[in-house]
Amino acid sequence: MIMKKLILACILFLSMTVFGQTPQGSFHCMMKPGQAMSETDINNNISKANFENYRLLDHRVTLTFDNGFDIVLLSANEAQTLGLINNVSSYQATFLPKFQLPVFHMTADGKIGAAYHANSKYSTDKR
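None of these values were measured; they are calculated from a predicted model.

The rules behind each value
- Residues numbered from 1 in each chain as written.
- Predicted model: local features only at pLDDT ≥ 70, side-chain atom pairs only at ≥ 80, totals over all residues.
- Heavy atoms only, no water.
- Phe/Tyr/Trp six-rings, centres within 6.5 Å; stacked < 30°, edge-to-face > 60°.
- Core = buried A, V, L, I, M, F, W, Y, C linked by side-chain atoms within 4.5 Å.
- Buried < 20%, exposed > 50% of the residue type's maximum accessible area, 1.4 Å probe, protein only.
- Helix = DSSP H or I, 4+ residues; strand = E, 2+ residues; numbered from the N terminus.

Novice: Summarise the packing of aromatic side chains; cite the residues concerned and give the values.
Specialist: Under the criterion given, the structure shown has seven aromatic pairs. Between Phe95 and Phe99 the ring centres are 4.7 Å apart and the planes differ by 35°, which places this aromatic pair in the tilted class. An aromatic cluster of three or more residues is present, and its members are Phe51, Tyr54, Phe65, Phe69 and Phe104.

Structure, rendered in structure tokens:
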């Protein structure tokens, strides 16, 4: 029984690392002046992360990083045309009306975090 759980956990981990990645070539990096990281390092780190839940069916999406660069995700249809995505049926056409994209941050070792702007009555920005 334990062996079956271990094998299942390994399969799940491998599927997440292989299928949970942003395909190389399905995004463009737009560097801003003064960027310390190289474009190659940024592209390698982005391709290891999973940004597919931000990709839309027919529209490009720009993800902003506070490090000084933006990532433009191709639409799912564009990526499928390039042969980077097999099935576009799970991609949404638009985001929900009140949805806001987070601002991302990439550390020097390639870890990526995300944060939303605080616009609530509890925000310390208003005090």
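Novice: Lay out the nonpolar core with the relevant residues and their values.
Specialist: Core analysis: the largest hydrophobic core is formed by 17 residues, its most contacted members being Ile42, Ile46, Phe51, Leu63, Phe65 and Ile71. Breaking this core down by element, the ones donating at least two residues are strand 1 (27-31), helix 2 (39-48), strand 2 (61-65), strand 3 (69-73) and strand 4 (103-106). Listed in part, the five residues of the second largest apolar core include Ala76, Ile85, Val88 and Tyr91.

Novice: Which residues make up the environment of Met30, and what values do they have?
Specialist: Secondary-structure assignment places Met30 in strand 1. Judged by its relative accessible area of 42%, Met30 falls in the partly exposed class. In this structure, the C-alpha to C-alpha distance between Met30 and Phe69, residues 39 residues apart in sequence, is 5.6 Å.

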